[in-house]
Amino acid sequence: MRQKIVAGNWKMNKTYSEALSLAAEIGNYIEQNPLADHQHVVLCVPAIYVVDAEQETSSIDNLWVGAQNCHYKDSGAFTGEISAQMLQSVGVKYVIIGHSERREYFNETNNLLKQKVDNALANGLKVIFCCGESLKTREKNDYKEWIEEQLTESLFHLSMPQLLNVAIAYEPIWAIGTGKTASPEQAQEVHEHIRYLMMNIYGAATANKVPILYGGSCNPANAATLFAQPDIDGGLIGGASLKIDDFAAIIKAMP
Ligand code: PEP
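Conventions we followed
Residues numbered from 1 in each chain as written. Predicted model: local features only at pLDDT ≥ 70, side-chain atom pairs only at ≥ 80, totals over all residues. Heavy atoms only, no water. Helix = DSSP H or I, 4+ residues; strand = E, 2+ residues; numbered from the N terminus. Expected span 1.5 Å × (residues − 1). Buried < 20%, exposed > 50% of the residue type's maximum accessible area, 1.4 Å probe, protein only. Contact = heavy atoms within 4.5 Å. Pairing = 2+ DSSP bridges. Axes fitted to C-alpha atoms, helices over the stretch in contact; angles between N-to-C directions. Near = heavy atom within 4 Å. Polar contact = N/O pair within 3.5 Å; in protein donor to acceptor, adjacent residues only side chain to side chain. Areas by Shrake-Rupley, 256 points an atom, 1.4 Å probe, with all protein chains shown as cover. Nonpolar A, V, L, I, M, F, W, Y, C, P; charged D, E, K, R; others polar.

## Details of helix α5 (residues 110-122)
A turn of α-helix holds 3.6 residues, and therefore any two residues three or four places apart point the same way. Compared with the 18 Å implied by 1.5 Å per residue over 13 residues, the 18 Å span of α5 between its first and last C-alpha is a close match. Within α5, burial applies to Asn110, Leu113, Lys116, Val117, Asn119, Ala120 and Leu121. Phi turns positive one or two residues past the end of α5, at Gly124, with a value near 80°.

## Concerning the environment of Thr206
Structurally, Thr206 is set in helix α10 (residues 204-207). Exposure remark for Thr206: the relative accessible area of 5% places this residue in the buried category. Here the alpha-carbon distance between Thr206 and Met160, two residues 46 residues apart in the chain, equals 7.0 Å. The contacts of Thr206, once residues within four sequence positions are left out, are Met160, Leu163 and Leu164.

## Some words on the sheet that holds strand β3 (residues 63-67)
Overall, parallel pairing links the eight strands, which are arranged β1-β2-β3-β4-β5-β6-β7-β8 in a closed barrel. For this sheet, the mean inter-axis angle between neighbouring strands, taken without regard to orientation, is 25°. Judged from the five bridges that link them, strand β5 (residues 126-131) and strand β6 (residues 166-170) form a sheet pairing that is parallel. Paired with Phe129 across the strands is Ile168, a residue of β6. Strands β5 and β6 of the sheet are contacted by helix α7 (residues 143-154), whose axis makes an angle of about 145° with β5.

## Focus on the site of the ligand
Near the ligand there are 14 residues, and of these Lys11, His99, Glu171, Gly177 and Ser217 occur at the shortest range. Here an oxygen atom of the ligand and a side-chain polar atom of Glu171 are 2.7 Å apart. Taken by itself the ligand offers 290 Å² of open surface, and the protein chains cover 95% of this. Here the residues of the shell around the ligand sort into four nonpolar, eight polar and two charged.

Read these as spatial facts, not as claims about activity.
So, in structure tokens, the structure goes:
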């Protein structure tokens, strides 16, 4: 069975005590409702909390801490930045790369993201790589080409073994934080296309192993229907990952 993942993207939210309480609550929930071998839950907490969140959750099987970004170099004169090497050294397992907010507000290009992906993988992190179109691109019906370009320019240079350490998150920008979820059919159409693109380059065996997550206003009411689609392998969850009841319900919906 393909790896399934529910990852919470906490973005720039929560004070220290709030963050640790939420990590503990999620840990307790998973202790009482253990994950299967093929299921991972990832908490992409603000970077300042990764060490303590890691300590809080490290004893719980298949619950991992992730970061929301990393630099493309191991070290150097890059004031304010955090490297994949640093994240790896404190036990972080996953990193989100290419979130649309980083692309939009921090001018991250496909080429820059390619370098970040390479560096994160070289440091042993698993990458959750985000792609997705704006409303304008969707309305022009260019979304498949747009996503193909994002993946080609940042991801499809990877070797087969490298790609197996990547999960792709399809996050239509028009659905992020808007309450407007892609319908299961809209999401499945893009996920199937992403898998088809991977198949053409890497072959079916590899393409069928890469988890493709959906992100964009996923919540307890729509998670199960989205996750029931054949090419949807879980979700990258923003707003609903900040409340224990909502996040626990989404974890429960993971196939
Ligand atoms: C996200 O930012 O990755 C996201 C999916 O946010 P939300 O669930 O709030 O739409």
